[in-house]
Amino acid sequence: MELLHSGKVRDVYAEGDDLILVASDRISVYDVVLPTPIPDKGKLLTALSLWWFEQLADLVPNHVISATDVPPEFAGRAIRCRRLEMVPVECVARGFLTGGGLKEYESTGKVSGVELPRGLVEASILPEPIFTPSTKAPVGEHDEPMTFAEVADKVGAQTADRLRQVTIDVYCRGAELAADRGILVADTKIELGWAPDGTLVLGDELLTPDSSRFWPAESYQPGRAQFSYDKQYVRDWAARSGWDKRHPAPEVPADVVDATRARYVDVYEKLTGNRW
Ligand code: ATP
Ligand code: MG
């Protein structure tokens, strides 16, 4: 197979017309890949994505061809998928204000051009979910927010409308399902692409802790940072360690690795209802 792309977390191979998307156990924080893998992370993210693709299949078509017809060395952490012509926009939906969105709001009152009410704070719930697209930055660079008008300039007004609609629909369905299981989806990023027949198809990964912020509903309290089901331990450790957040990162201690793995398992089990 031809290796087309090696991202921070995933490797993408071409096999005939198909792609094989392989999730590794690598973890990145602040866009830097850490030298220490998180055991099973690739399998957990793959299983969770597959579960979501199935849950949302009636809402939007997805790129999955098979989770089993993959090279044996990648079994469990690879998906055979349709090769799409990816739309060059990271499609983000936010239901709560945090992270880069909060920073933007604090300096401009808007996120990706969307005007928001005054007085919102860290983790505030938004009046309604909003579409806050960003650029797909090349490796080593950070994604930048885009306004809706910028998206329309890039991909055309009609496609921009559809991206916004699909992104909000996916967010709403995901958030509703997760809420039933005690989890808030603060925000999520999806990637869409065109199939050869002209349909808009969901690609990449879906509603995983790498693409979304998941918060436990029971401890939700606006006005402060929430516990997050993903890289929280790694970020906390990074803050304590004095690492300057630039490449290269130091090795992650075993207890932080274990706690992080446990979080990924926990959120997988909570969302899907399956035992890991
Ligand atoms: P990073 O996630 O490290 O910021 P990245 O998004 O480029 O970088 P990965 O997520 O590791 O890297 O790799 C997945 C790549 O494959 C992305 O570029 C994504 O757009 C692309 N991709 C996902 N699904 C498809 C598909 N069905 N067809 C074509 N490209 C796809
Ligand atoms: Mg990616």
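Quick caveat, the model's predicted, so the values are computed rather than measured.

Calculation rules
Residues numbered from 1 in each chain as written. Chains lettered and ligands numbered in written order. Predicted model: local features only at pLDDT ≥ 70, side-chain atom pairs only at ≥ 80, totals over all residues. Heavy atoms only, no water. Buried < 20%, exposed > 50% of the residue type's maximum accessible area, 1.4 Å probe, protein only. Helix = DSSP H or I, 4+ residues; strand = E, 2+ residues; numbered from the N terminus. Contact = heavy atoms within 4.5 Å. Phe/Tyr/Trp six-rings, centres within 6.5 Å; stacked < 30°, edge-to-face > 60°. Lys NZ or Arg CZ within 6 Å of the ring centre and 35° of its normal. Salt bridge = Lys/Arg side-chain N within 4 Å of Asp/Glu carboxyl O. Near = heavy atom within 4 Å. Polar contact = N/O pair within 3.5 Å; in protein donor to acceptor, adjacent residues only side chain to side chain. Areas by Shrake-Rupley, 256 points an atom, 1.4 Å probe, with all protein chains shown as cover. Nonpolar A, V, L, I, M, F, W, Y, C, P; charged D, E, K, R; others polar. Core = buried A, V, L, I, M, F, W, Y, C linked by side-chain atoms within 4.5 Å. Pairing = 2+ DSSP bridges. Axes fitted to C-alpha atoms, helices over the stretch in contact; angles between N-to-C directions. 1 Å grid on protein atoms, 1.4 Å probe; cavity = no way out; pocket = protein on both sides within 12 Å on 5 of 7 lines; lining within 4 Å. Points joined across faces, edges and corners; volume = space filled by probe spheres on them.

Chemist: Explain helix α5 (residues 232-241) to me, and be specific about the residues and the numbers.
Modeler: One turn of an α-helix holds 3.6 residues; hence residues three or four places apart share an orientation. Q232, V234, W237 and A238 are the residues of α5 that are buried. Summarising the contacts, the buried residues of α5 are in contact with β4 (28-29) and α6 (254-272).

Chemist: Go over the packing of aromatic side chains with me, naming the residues and quoting the values.
Modeler: Inspection of every chain in the model, using the stated rule, returns ten aromatic pairs. For the ring pair Y268 and W276, a centre distance of 5.2 Å and an interplane angle of 80 degrees mean the geometry is edge-to-face. Taking relative accessible area as the criterion, W276 reaches 36% and is therefore assigned partly exposed. An aromatic cluster of three or more residues is present, and its members are F96, W215 and Y220. Above the face of the F148 ring, R164 is positioned so that its terminal group lies 3.8 Å from the ring centre.

Chemist: Describe the pattern of salt bridges, and please don't skip the residues or the numbers.
Modeler: Under the criterion given, the structure shown has 22 salt bridges. Among the charged side chains, a salt-bridge network with shared partners connects R10, E90, K136, K189, E191, D204 and E205.

Chemist: Explain the site of ligand 1 to me, and be specific about the residues and the numbers.
Modeler: Around ligand 1 sit 15 residues, and of these K8, R10, H63, R82 and E191 come closest. In the environment of ligand 1, a nitrogen atom lies 2.8 Å from a nitrogen or oxygen atom belonging to the side chain of H63. At 2.5 Å, a side-chain N or O of E191 approaches an oxygen atom of ligand 1. Taken by itself ligand 1 offers 610 Å² of open surface, and the protein chains cover 82% of this. Here the residues of the shell around ligand 1 sort into five nonpolar, three polar and seven charged.

Chemist: Give a detailed account of the nonpolar core, specifying residues and quantitative values.
Modeler: Counting 58 residues, the largest nonpolar core has L34, W52, L163, V170 and L206 as its most contacted members. Considering every element that reaches this core, the biggest residue donor is helix α4 (residues 157-180), with nine residues. With residues near it in sequence (within four places) discarded, V170 still touches L56, L59, V60, I190, L202, L206 and L207.

Chemist: I'd like to hear about unusual backbone geometry, residue by residue, with values.
Modeler: The peptide bond linking H247 to P248 adopts the cis configuration, its omega dihedral lying at 0 degrees. A positive phi angle, close to 75 degrees, is found at D40, a residue other than glycine. When you line up the elements, D40 lands in the loop between β5 (32-33) and α1 (41-55). The class of D40 is partly exposed, set by a relative accessible area of 24%.

Chemist: Let's hear about the sheet that holds strand β6 (residues 64-66): which residues, and what values?
Modeler: If you walk across this open sheet you meet the five strands as β1-β2-β3-β7-β6, and the pairing is antiparallel. Edge strands, defined here as strands with exactly one partner in the open sheet, are β1 (2-6) and β6. Each adjacent strand pair in this sheet contributes to an overall mean axis angle of 35 degrees, direction not counted. Inspection of the sheet shows β6 paired to strand β7 (residues 78-82) by two bridges, in the antiparallel sense. Note that in β7 the partner of V64 across the bridge is C81.

Chemist: Please provide a residue-by-residue account of the environment of G198, values included.
Modeler: Structurally, the position occupied by G198 is in the loop between β14 (183-194) and β15 (200-203). Judged by relative accessible area, which is 43%, G198 ranks as partly exposed. The spatial distance from the C-alpha of G198 to the C-alpha of L84 is 9.9 Å, given a sequence separation of 114 residues.

Chemist: I'd like a description of empty space enclosed by the protein, backed by residues and values.
Modeler: Enumeration over the complete set of coordinates arrives at one cavity of 30 Å³ or more. Forming the walls of the largest cavity are R10, L21, A23, L45, T46, S49, R77, I79, D204, E205 and T208. Of all elements in the fold, only β3 (18-23) and α1 reach the threshold of two or more residues within the lining of the largest cavity. With three residues, the single largest contributor to the lining of the largest cavity is α1.

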